[in-house]
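Chain and residue survey
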Amino acid sequence: MATERGTIESFGHVSRTAGTVFRYLLLAATLFGIVALTVLLIYVANDAIRPLTADPGWHLTFLLTLVLPTLAVGAYLFRTDPASFRFGGAIVGTLAVSTMFAGGVAMLFVDIVEPVTWFAYVLALCLALGGVVVIERLDRRLPFLVRFVAAGVIVLVSLLVVPGAVTSLPVYPSDGVLLTLSVGAPIALVVGRYVAAADGRRRRVAAVVATLVVVGLGAFVGPLVGVTPVPATVVLAVAVVPTGGYAIGRIRRNPERRAGLGLAAVILGGTVVGAVAVDALGFAGPQSWVDWGFLTSAHSGTAANAGLYPAIGGSILLMVTVAALSFPLGVGAAVYLEEYAPDNRLTRFIDVNISNLAGVPSVVYGLLGLGVFVTYLGQSTGTVLIGGATLALLILPIVIISAREALRSVPDSMRQASYGMGATRWQTIKNVVLPRAFPGILTGTILALGRAIGETAPLIMIGAPNVLFSLPTALSSKVSAMPLQVYAWASLFASEPFYQAAVPAGVVVLLIVLLSMNSIAIVLRNKYQSDQ
Amino acid sequence: MSTDDLTQDLTRRTENAPQELLTRSFFFLCAVLSIVTTLSIIVLLTTEAAKFFSVTAPLMGVEGPTASVVDFLTGTEWVINNEQFGVLPLVSATLAITIGSAVVSLPLGVATAIYLSEYATPRARSLLKPALEVLAGVPTVVYGFFAVVYITPALKTIIPNLGTFNMLSASIVVGIMIIPMVASISEDAMSAVPDSLRQAGYGMGATKFDVSVGIVVPASLSGIFSSFILALSRAIGETMAVTVAAGSQANLLNPLNPASYLEGALPMTAAMVNLLTGDITGGGIAYRSLFAIGLTLFVITLVMNIISDLVAQRYREEY
């Protein structure tokens, strides 16, 4: 050894090869799953949309009107002004995703809930809330219980009497007007809040009125371009107004990002121009399986005619039910565990129990739904309500765990400051902790909802029908769901035509919905993390 | 107002004010709901399974056909129509899926975790982590479809005698599905290893490779193991992918023999789904066998989750 001789000739030599090989092996392993999934997604998209069946002229037209201009403007912006580039992308993304959800909401109003019923419930809720606010303002000296009971009575009376009274009126305004008031007004209020926060209260009124006018115009402009008033109003309220509001608000705050609008304009304009040009020149588009017929028709024995409509409606209803059940319960449990729970055995037990529940297989939850709701509580099988309740139980642990994380990220100093001002625990939670943790809670809930939307096994367990020809219209009607329909096609109707047409199309629709939900959650989380 | 009143007013104990009590009890009830859920799962599965076995059925006051516990646990035939309820074929298929998916997911998951925690730049991480989340977010029924329609035909070009429904492609998709789980839990454990240990390694002249393999991985071994167990318990409970891809023919196979992956089999979860997609009559023996399998499944996954928890806690290196 060198040291024994007392001299060290050199530090020796360390080979880099092993390290480099290892590094690239790791990278390959990391990319393996992602690449495999990407390849599969490309295959399934190709099978569902069949882009190669289009005329070469169709591709050429869109290449000229959409792809090349987008690439040119995009590349220029990306090099000179990345912030504007992202802004333009965000506008297009918001518009695409919100239009998709607007489609879902429009479906609700066209086939599931009468606009007047919805309007009646919104009105009842407003009256109830108004009553509660009046009681709260009336006299703070009234004992809490008196106020609580009075508020409860008002809410109950309003919810029980008003909807019936409104729907039994002999004449009421047209659907467009009703939806403008019941869907547009809440959105207008939200827009107003943002405007008030950014520009002061004076602009608020203008913003609210502008929003209402834009939404209200839908009922009149829609029919001119061949859209009935209900979907037109909904699309304006749910997609156009939020996107426009986002774009305008951003530009007012960062005028230097105006260039991003150019990108959005090029993409949207290119799409419209391309569509018009293709139509005029008579080029046939791809014979995609995912077309209007697929989205709006029910199951059929022949693969080419089969559609996803009842399943989409079922998934929407399930999502609403699951969200309504799991959000309050999950957040409530998280608040208890983070803010109230003493460090005792019961708390630790609940803690361990929740993490174990998160690992229980989904079929077992399905059995729970079947056994408890169907066999013991005597509900009929496969309804929206028990499907939603079962899925809500399934995602509850996930919601609780992510909500706890969000609550934990609220700094303790904020709680102490609130207590220092004399706030009680509930006031602190309501005014300080929950608002601060809300984006995190929302992210976790959206991800969990995505999980619920993709679940099939629990629905099969509770006896949801494999084939459903009409939309569920009430909580007690039978429900189908997108993944369930895909499963039915892939197993019960397993045959080449279904494997090549209906299933890929169903998979593509399901994945688009899920991926956009995931991306909303991820965008929210990134924004939230960078804000902190 | 006298000063006494004022003091009293200002120092009112708010802890038990009605508003506080009300909200606190609501939150408490929400938290207790999780215990209620667990209890009802356990009670439901055990009572219904008790009605299934001939030993316990009289206690539950059930008449009609039952199955003996011994036949259930050691029987090698699962034929519902003949009322042959041997769970071994189902367990062997589940075991095969678990082993097969472990072969795919464990090495890839750990490698991903090492890459993300030790090598990746922050920018690469911010791209790779959401992409991995997408991997876990794709519905399992879609994975099943991928296995049947794309992966099996592709594998058939290499292995000609592969069945249409086979364990191989089912294991591969389940493996891909649980990579993110192994990766994210292992990565959490690796990022919890303090930097001082790494710095000490570099100070001794170790290369990045030596530090990753010789210091970070051993230091986070308990986390890695608990991620393995959790991921495998997920693979055991995985339902739709195997239902679509593994076929519906129950047969007893040897999970350690690679040749048995070429044919289809019926894992426990798929057996449950198949029972229900057929016509299910509430209260029949087939209905109760569902709960017997469910109980088996629940116990296996629960035990694995608890073991994973214990491993993570007991063998965690405290720094």
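Residues numbered from 1 in each chain as written. Chains lettered and ligands numbered in written order. Predicted model: local features only at pLDDT ≥ 70, side-chain atom pairs only at ≥ 80, totals over all residues. Heavy atoms only, no water.

Residue and element names in this part refer to chain B. Cross-referencing UniProt, the feature "transmembrane region" (unreviewed entry) maps to residues 21-45, 87-114, 134-155, 167-190, 211-232 and 285-307 in the present numbering. From the first C-alpha to the last, residues 21-45 spans 35 Å; its make-up is 100% helix and 0% strand. Spanning residues 285-307, this segment combines 100% helix with 0% strand, and its end C-alpha atoms are found 33 Å apart. (UniProt positions renumbered as here; feature names shortened; annotations may be inferred. Helix = DSSP H or I, 4+ residues; strand = E, 2+ residues; numbered from the N terminus.)

B:Trp78, B:Leu90, B:Tyr143, B:Phe145, B:Phe146 and B:Met167 are the most contacted members of the largest nonpolar core, which totals 194 residues. Sequence-distant contacts of B:Tyr143, that is, excluding residues within four places in its chain, are made with A:Leu37, B:Leu135, B:Val138, B:Val173, B:Ile176, B:Met177 and B:Ala241. (Core = buried A, V, L, I, M, F, W, Y, C linked by side-chain atoms within 4.5 Å. Buried < 20%, exposed > 50% of the residue type's maximum accessible area, 1.4 Å probe, protein only. Contact = heavy atoms within 4.5 Å.)

This part covers the packing of helix H13 (residues 345-357) of chain A against helix H15 (residues 384-408) of chain A. Packed helix pairs are specified by the crossing angle of their axes together with the interaxial distance, meaning the distance between the axes. Residues and elements named next belong to chain A. Close contact between H13 and H15 brings their axes to 8 Å; oriented N to C, the two are set at 125°. Relative to H15, the element H13 lies oblique. Of the two elements, H13 crosses H15, and the hand of that crossing is left-handed. Contact residues: Asp351, Ile354 and Leu357 in H13; Pro397, Ile400, Ile401 and Arg404 in H15. Its residues assigned to classes, the contact of H13 with H15 comprises five nonpolar, no polar and two charged. (Axes fitted to C-alpha atoms, helices over the stretch in contact; angles between N-to-C directions. Parallel < 35°, antiparallel > 145°, perpendicular 65-115°, else oblique. Left-handed = near helix turned anticlockwise from the far one by under 90°. Nonpolar A, V, L, I, M, F, W, Y, C, P; charged D, E, K, R; others polar.)

The interface is formed by 77 residues belonging to chain B together with 78 residues belonging to chain A. Carbon and sulfur atoms make up 79% of the surface buried where chain B meets chain A, a total of about 6900 Å² over both sides. Our enumeration of links across chain B and chain A arrives at one salt bridge. The partner of B:Glu133 in a salt bridge is A:Arg525, with the nearest N and O atoms 3.1 Å apart. At the boundary of chain B and chain A, one finds eight residue pairs in polar contact (both at pLDDT 80 or more). Of the residues assigned to the side of chain B that touches chain A, the class counts are 50 nonpolar, 21 polar and six charged. (Buried area = accessible area lost by both parts, 1.4 Å probe. Salt bridge = Lys/Arg side-chain N within 4 Å of Asp/Glu carboxyl O. Polar contact = N/O pair within 3.5 Å; in protein donor to acceptor, adjacent residues only side chain to side chain.)

Quick look at a nonpolar patch on the surface now. Judged by side-chain polarity, A:Leu145, A:Phe148, A:Val149, A:Val153, A:Leu156, A:Val157, A:Leu160, A:Val161 and B:Leu22 come together as a nonpolar surface patch covering roughly 850 Å² of accessible area. At eight residues, helix H6 (residues 144-167) of chain A tops the list of elements feeding residues into the nonpolar patch. A relative accessible area of 46% places A:Val153 in the partly exposed class. (Patch = residues over 30% accessible without salt bridge, like charges linked within 9 Å, V, L, I, M, F, W, Y side chains within 5 Å. Areas by Shrake-Rupley, 256 points an atom, 1.4 Å probe, with all protein chains shown as cover.)

On to helix H9 (residues 229-253) of chain A, then. Working note: α-helix, 3.6 residues per turn, so residues spaced by three or four point in the same direction. Residue and element names in this part refer to chain A. Over its 25 residues, H9 extends 34 Å from the first C-alpha to the last, a length consistent with the 36 Å expected when each residue adds 1.5 Å. For H9, the principal kink sits at Leu236 and spans about 35°. Taken together, the buried positions of H9 are Val230, Pro231, Ala232, Thr233, Val234, Leu236, Ala237, Ala239, Val241, Thr243, Ala247 and Ile251. (Expected span 1.5 Å × (residues − 1). Bend = angle between axes of the 7 residues up to and from the residue.)

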